[in-house]
There are 2 protein chains.
Amino acid sequence: MKIGILGAGNMGGTLGRLWAEAGHDILFGVRDPHSAKARRLSDAAGFEPRFGSFAAAAAHGETVLAAVPWEATEGVLRQAGDLSGKVLIDCTNPILPDLSGLAIGHTTSAAEEIARWAPHAHVVKCFNTVGAGALSDARYGDHSASVFVCSDHPLAKETASQLAESLGFEPIDAGPLIEARYIEPLALLWIHLAIRGKFGSKIAVKLLRR
Amino acid sequence: MKIGILGAGNMGGTLGRLWAEAGHDILFGVRDPHSAKARRLSDAAGFEPRFGSFAAAAAHGETVLAAVPWEATEGVLRQAGDLSGKVLIDCTNPILPDLSGLAIGHTTSAAEEIARWAPHAHVVKCFNTVGAGALSDARYGDHSASVFVCSDHPLAKETASQLAESLGFEPIDAGPLIEARYIEPLALLWIHLAIRGKFGSKIAVKLLRR
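Concerning the overall build of chain A
Item 1. Looking only at helices and strands, chain A has 7 helices and 11 strands in total.
Item 2. Rg of the C-alpha trace for chain A: 16 Å, near the compact-globule value of 17 Å for 210 residues, within the 12% margin.
Item 3. The principal-axis extent of the C-alpha atoms belonging to chain A is close to 45 × 40 × 35 Å.

So, in C-alpha cells, the structure goes:
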C-alpha cells in the first residue's frame, strides 16, 4: 500500500518505518527534508526514508496518516491539498503544549476538526492511544494491546484496522467518528499515567472480554 | 467499615450488596424506602438491606458512595448534609439521559462538580468505568479488570482502592481528581461499546504493562 505520512516525528516516523518494514511504500511529508528530525529518521538502521512536501505525501497514494503536532495540523492539511476520497488516518491528540490537558474536547474532537479541515477525506481515528515507543511491540505477556478505531467510513475503518493488526495490535471498532470525543481523553489518561505514574510508558490499554 | 450509599439502583445496590457480603456495614440512602427499586434490592437472595434518608446514609460512617443518576446528584448531596472529612466515592457518570454523550466535560468533570457541591468531603473517583453487571466478577480469563482511581486526598484514594481490590479489581492510581476529565469519557466509550459493539456488556478495560 502507498501511504503518505504527514510528519516525521515520533509517531509518524515510527509508524512509517514499521509500515515500510512491512513492505508498504512510504513517503513522508515534512516541512524541511534536511531538518534534524528528518536526519534522525534516516539514521535509523536499515531504513531509507523518502521525503517530500506535504502535498506530495498526500498525493502519494490512497492512504494518508496525519501525524504532526496538533497546533500544526490545520496548516499542514491545508498544504496537503485535496484529500477527497482518501483514507485519512488521524493519530493525533489535541494536547496542550505542556501536556496538562486537551486543547479541545466534549463538544468536538481532533478527529472532527480534521474532518472539517479535509471535508471529503475519509477520516479514521486510530493509534492515538499508543505511545510512539510502544508501537513496535504490541505484546504484553500473552495479550496484545488494543487500539480503538472509529470512523464514519467503513472502508477507512477497515484499512486502519488492518494496518493496526499488521503491527500486532487488536483493533476495536468503536463506532462513528464522534467517538473520538471519548478516545482522545483516553490518550491523555494514558499519557499522564506514563509520565506521572509508577509504570512509565510501557503500558497499554486492553479491552478484556468474556 | 460503615458505608453509606446514596442511591440503591444498579450501581449503588450492587456495590452495597457486594460490600455487605464482604462484611461491611451498609446503609442505603433513598428517596423512598418503599419504592419498587428498594424492594427489588431486598428481594436479592440472602441480603437484607437497610434503608434510610440520604442524610442518615451520609452520617452512617466515614465513607459514602455517591450512586444516584447524574441529574439527581446535586440535590441528593444537598440532602445528605455535611460530608466534611468523609471519603466520598464518586462512581457517577455525567451521561445524557439518552446515553448519546456526556452532559459535562473537558473544562470540568462530575467528580469536580461533586467536590464543589460537597466542598469539605474527600472525593475519590472510582468504579465509574465498571458496569453494574460487571461488578460481581472482575476476572476475564487470567486477568483482573482495572479500575481507575483519582483523588486529591491520599487516604480517600487508599480507601477506594482497597474496596476495589476487595472485589477483585486492580486499582490504578490515576493521580489527582482532575483526571476524572479523562476517566469519565472512558466510561462512555465503554458504555457505547457495550451497547453498540459486538461484545455486549461483558467487557472491561485493563491497563497492561511490561
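That covers the picture; the talk isn't over yet.
Observations regarding the packing of helix H7 (residues 180-196) of chain A against helix H7 (residues 180-196) of chain B
The axes of two packed helices give the description: the angle between them and the distance between them.
Item 1. Interhelical geometry of H7 of chain A versus H7 of chain B gives an angle of 130° and a closest axis separation of 8 Å. When the axes of H7 of chain A and H7 of chain B are compared, the pair comes out oblique. Note that H7 of chain A runs across H7 of chain B; the crossing there is left-handed. Residue-level inspection shows Arg181, Tyr182, Ile183, Pro185, Leu186, Leu188, Leu189 and His192 of chain A of H7 of chain A in contact with H7 of chain B, the latter providing Arg181, Tyr182, Ile183, Pro185, Leu186, Leu188, Leu189 and His192 of chain B.
Item 2. Looking at the contact of H7 of chain A with H7 of chain B residue by residue, the classes come out as 12 nonpolar, 2 polar and 2 charged.

Some words on the pairing of strand S1 (residues 2-6) of chain B
All names here are of chain B.
Item 1. Of all the 5 residues making up S1, 4 are buried; the element is thus mostly covered by neighbouring parts of the structure.
Item 2. Pairing analysis gives 4 bridges linking S1 to strand S4 (residues 63-66), with the strands arranged parallel. When the bridges of S4 are listed, Leu6 appears paired with Ala66.

Quick word on the packing of helix H4 (residues 70-80) of chain A against helix H5 (residues 110-117) of chain A
Residues and elements named next belong to chain A.
Item 1. In contact at an axis separation of 10 Å, H4 and H5 are set at 20° when each is read in the N-to-C sense. For the element pair H4 / H5, the angle class is roughly parallel. Between H4 and H5 the crossing geometry is right-handed. Seen from H4, the contacting residues are Trp70, Thr73, Glu74 and Leu77; seen from H5, they are Ala110, Glu113, Ile114 and Trp117.
Item 2. Classifying every residue of the contact of H4 with H5 gives 5 nonpolar, 1 polar and 2 charged.

A short note on the state of the cysteines
Item 1. On inspection of all chains with the given rule, the structure shows 0 disulfides over all chains.
Item 2. Considering cysteine sulfurs only, Cys91 of chain A is the nearest to Cys126 of chain A, which forms no disulfide, with 8.7 Å between them.

Brief notes about the interface of chain A and chain B
Item 1. With 42 residues of chain A at the contact, the number on the chain B side is 42 residues.
Item 2. Here chain A meets chain B over a buried area of about 3400 Å², counting both sides, of which 65% is carbon and sulfur.
Item 3. Together, Tyr182, Leu208 and Arg210 of chain A form the three largest contributors to the area buried by chain A at its contact with chain B, with a combined 25%.
Item 4. Our count for the contact surface shared by chain A and chain B stands at 4 salt bridges.
Item 5. With a closest N to O distance of 3.1 Å, Arg196 of chain A and Glu179 of chain B form a salt bridge.
Item 6. The interface formed by chain A and chain B includes 14 residue pairs in polar contact (both at pLDDT 80 or more).
Item 7. The dominant element in the side of chain A that touches chain B, judged by the number of residues it contributes, is H7 of chain A, at 10 residues.
Item 8. For the side of chain A that touches chain B, the class distribution of residues is 24 nonpolar, 7 polar and 11 charged.

Thoughts on helix H6 (residues 154-166) of chain B
Item 1. A rise of 1.5 Å per residue sets the reference length of H6 of chain B, with its 13 residues, at 18 Å; its end C-alpha atoms lie 18 Å apart and thus fit the reference within 8%.
Item 2. Just downstream of H6 of chain B lies Gly168 of chain B, where phi reads positive at about 95°.

What to know about the relation of the copies chain A and chain B
Item 1. When chain A is fitted to chain B, the residual RMSD is 0.0 Å, and the transformation amounts to a turn of 180° plus an axial shift of 0.0 Å. Each copy turns onto its partner about a two-fold axis. Across chain A, the smallest distance between a C-alpha and the rotation axis is recorded for Lys206 of chain A, namely 2.5 Å.
Item 2. A shared interface surface links the copies, since 100% of the contact residues of chain A are contact residues in chain B too.

What counts, and where the lines are drawn
Residues numbered from 1 in each chain as written. Chains lettered and ligands numbered in written order. Predicted model: local features only at pLDDT ≥ 70, side-chain atom pairs only at ≥ 80, totals over all residues. Heavy atoms only, no water. Helix = DSSP H or I, 4+ residues; strand = E, 2+ residues; numbered from the N terminus. Rg over C-alpha atoms; globule rule 2.2 N^0.38 Å. Axes fitted to C-alpha atoms, helices over the stretch in contact; angles between N-to-C directions. Parallel < 35°, antiparallel > 145°, perpendicular 65-115°, else oblique. Left-handed = near helix turned anticlockwise from the far one by under 90°. Contact = heavy atoms within 4.5 Å. Nonpolar A, V, L, I, M, F, W, Y, C, P; charged D, E, K, R; others polar. Buried < 20%, exposed > 50% of the residue type's maximum accessible area, 1.4 Å probe, protein only. Pairing = 2+ DSSP bridges. Disulfide = S-S within 2.5 Å. Buried area = accessible area lost by both parts, 1.4 Å probe. Salt bridge = Lys/Arg side-chain N within 4 Å of Asp/Glu carboxyl O. Polar contact = N/O pair within 3.5 Å; in protein donor to acceptor, adjacent residues only side chain to side chain. Expected span 1.5 Å × (residues − 1). Least-squares fit on C-alpha atoms with pLDDT ≥ 70 in both.

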